[in-house]
Amino acid sequence: MNFEIDHPHLLLRETVREFAEHEIAPVAEDLDRTKRFPYEIVKRLGELDLMGIPFPEEYGGGGGDSFAYAIAVEELARVDSSVAITLCAHTSLGTQPVYLFGSEEQKREWLPPLCRGELLGAFGLTEPEAGSDAGNTKTRAELEDGEWVINGSKQFITNAGTDISGIVVITAVTGPDEISNIIVSNGTPGYEQGEPYRKMGWNASDTRPLSFTDCRVPAENLLGPRGGGLRQFFHVLDIGRIGVAAMGVGLAQGAFDQALAYAKERRAFGSPISKFQSIQAKLANLSTEIEATRLLVQKAAWLKDTGRNFTLVAAQAKLKSGRLAVRAADEAVQIHGGYGYIEEYPVCRFYRDAKILTIGEGTDEIQEMVIARALGA
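Here's what I pulled together on the structure shown here. Quick caveat, the model's predicted, so the values are computed rather than measured.

What counts as what
- Residues numbered from 1 in each chain as written.
- Predicted model: local features only at pLDDT ≥ 70, side-chain atom pairs only at ≥ 80, totals over all residues.
- Heavy atoms only, no water.
- Helix = DSSP H or I, 4+ residues; strand = E, 2+ residues; numbered from the N terminus.
- Rg over C-alpha atoms; globule rule 2.2 N^0.38 Å.
- Buried < 20%, exposed > 50% of the residue type's maximum accessible area, 1.4 Å probe, protein only.
- Contact = heavy atoms within 4.5 Å.
- Areas by Shrake-Rupley, 256 points an atom, 1.4 Å probe, with all protein chains shown as cover.
- Polar contact = N/O pair within 3.5 Å; in protein donor to acceptor, adjacent residues only side chain to side chain.
- Disulfide = S-S within 2.5 Å.
- Salt bridge = Lys/Arg side-chain N within 4 Å of Asp/Glu carboxyl O.
- Expected span 1.5 Å × (residues − 1).
- Phe/Tyr/Trp six-rings, centres within 6.5 Å; stacked < 30°, edge-to-face > 60°.

### Some thoughts on the overall build of the protein
- In terms of helices and strands, the protein carries 10 helices and 10 strands.
- Relative to the compact-globule value of 21 Å for 377 residues, the protein shows a C-alpha radius of gyration of 21 Å, a close match.
- For the protein, the spread of C-alpha atoms along the principal axes amounts to about 80 × 45 × 40 Å.
- Across the 377 residues of the protein, 54% fall into the buried class.
- Partitioning the contacts of the protein with sequence separation of at least 6, the portion at a separation of at least 24 is 73%.
- Carbon and sulfur atoms make up 52% of the accessible area of the protein, which amounts to about 16700 Å² in all.

### Quick notes on the side chain of Asn 159
- Topologically, Asn 159 is positioned in the loop between β3 (147-158) and β4 (165-175).
- A distance of 3.0 Å separates the side chain of Asn 159 from the backbone oxygen of Thr 86, its partner in a polar contact.
- With residues near it in sequence (within four places) discarded, Asn 159 still touches Phe 37, Thr 86, Ala 89, His 90, Leu 120, Gly 121, Ala 122, Ser 165 and Asp 206.

### Some details on the environment of Ala 68
- Structurally, Ala 68 is set in helix α3 (residues 66-77).
- Not counting residues within four places of it along the chain, the set of residues in contact with Ala 68 comprises His 9, Leu 12 and Ile 53.

### Observations concerning the environment of Arg 36
- Take Arg 36: it is sitting in the loop between α1 (7-34) and α2 (39-47).
- As a C-alpha pair, Arg 36 and Ala 261 span 225 residues in sequence and 28 Å in three-dimensional space.
- In this structure Arg 36 touches Asp 30, Leu 31 and Ala 204, once residues within four positions along its chain are discounted.
- Polar side-chain contacts of Arg 36 include one of 2.5 Å to the side chain of Asp 30.

### A word on the state of the cysteines
- By the definition in use, this model includes 0 disulfides.
- Free of any disulfide, Cys 115 has its nearest neighbouring cysteine sulfur in Cys 88, separated by 15 Å.

### Description of the pattern of salt bridges
- Under the definition given, this model contains 30 salt bridges.
- Here Arg 116 makes a salt bridge to Glu 118, at a shortest N to O gap of 2.7 Å.
- Judged by its relative accessible area of 43%, Glu 118 falls in the partly exposed class.
- Each of Arg 13, Arg 17, Glu 21, Glu 75, Arg 78 and Asp 257 takes part in salt bridges that share partners, so that together they form one network.

### Digging into unusual backbone geometry
- Of note, Lys 35 is a non-glycine position whose phi angle comes to about 60°, a positive value.
- In this fold, Lys 35 is placed in the loop between α1 and α2.
- The backbone of Asp 145 shows a phi angle near 50°, a positive value even though the residue is not glycine.
- You can see Asp 145 is positioned in the loop between β2 (140-144) and β3.
- Judged by relative accessible area, Asp 145 falls into the exposed class, the value being 73%.

### Notes on helix α5 (residues 104-115)
- Look at α5: 16 Å from first C-alpha to last across 12 residues, which is about the 16 Å you get at 1.5 Å a residue.
- All of the buried residues in α5 are Gln 106, Lys 107, Trp 110, Leu 111, Pro 112, Pro 113, Leu 114 and Cys 115.
- Looking at the buried residues of α5, the elements they touch are α4 (81-101), β1 (120-124), β4, β5 (178-185) and β8 (222-223).
- Directly after α5, the chain includes Gly 117, whose backbone phi takes a positive value near 80°.

### A look at the packing of aromatic side chains
- Summed over all chains, the structure comprises 9 aromatic pairs.
- A ring pair is formed by Phe 156 and Tyr 197, whose centres lie 5.3 Å apart and whose planes are at 45°; its orientation type is tilted. Of this pair, Phe 156 sits in strand β3 while Tyr 197 sits in the loop between β6 (191-193) and β7 (207-218); the two residues are 41 residues apart in sequence, bridging distant segments of the chain.
- The partly exposed category is assigned to Tyr 197, whose relative accessible area is 26%.
- Between Phe 233 and Phe 234, the ring centres sit 5.0 Å apart and the planes meet at 70°, which makes this aromatic pair edge-to-face.
- Its relative accessible area of 0% is what places Phe 233 among the buried residues.
- Using a relative accessible area of 45% as the deciding quantity, one classes Phe 234 as partly exposed.
- Through a chain of ring-to-ring contacts, the aromatic side chains of Phe 55, Tyr 59 and Tyr 99 assemble into a single cluster.

Function cannot be read off these values alone, since they describe shape.
Pasting the structure below:
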């Protein structure tokens, strides 16, 4: 077993880290405070070929693997989770369904602008009565004169309401006991994006409800076979958990980095607080958990890249990393003391951003169900 990261992946890590530290970190606090979507940063991500890392070059992608994607997400989340989730939701949830289940015509039409970051992709699954209970979708689509007529609503959808949003892939009931996935492009009559939510964290990312009122799209916008929606989005969610798990590791690492640097500088009772055993214990335990969780995420990515079943490990990684992110952010604030409660310090933002990682992309309770089912329990 070789734990050494090869040169291409190391180069990617260095590139994304440098970009995050020099171009995102200086504006992250302002973006969070003003709740502004980071258009210029997303544009630069596209120019760096980071918006389509795991997709083939023939469709405009980066030709990378899941491991490369996890590295990029981790490095972005290490500095700012709003930027990381924008890329993560776009890649795993918005673009992946088109690549996996789209026709060749659909791929040729949508993948190049999505992979270049010229357009953002979104995934519309969650509804008021269909979140963890994903099969309880109420949005309906009826085939009429060669078009799908869509009526319903979605909530907590990321990336659908920006000026560069291109498509949302939605789940809809298309017949008795039949759920399908359909592509809806922005600007389609009858498709409206609600006002963005006021959130605890991820303030610079776009999250809002969607509504569909007699929204008509061509029959050809069906993604994959009719009635294949459940199977499709369960597979997409498995893939998405690798990205969200990488976000958890990145946030935890960023919180740890801030805490360690502060502990070395902050003096109390005549010495840096990093010399106090209680602070050392916090740092030692966090560093150990971060490294172990990172390996779990990398294993999930490796299993996917080698064609093995990765459902179990992806769920384990997502469960572990979300809880670790919450704990790391909490400990980082504690180490900062009163300054940890001040918005100018990144750990305050990390603290607010962390909690959603135990909820989004499947709650911790859903991950436990997935894990138990995979274990045969």
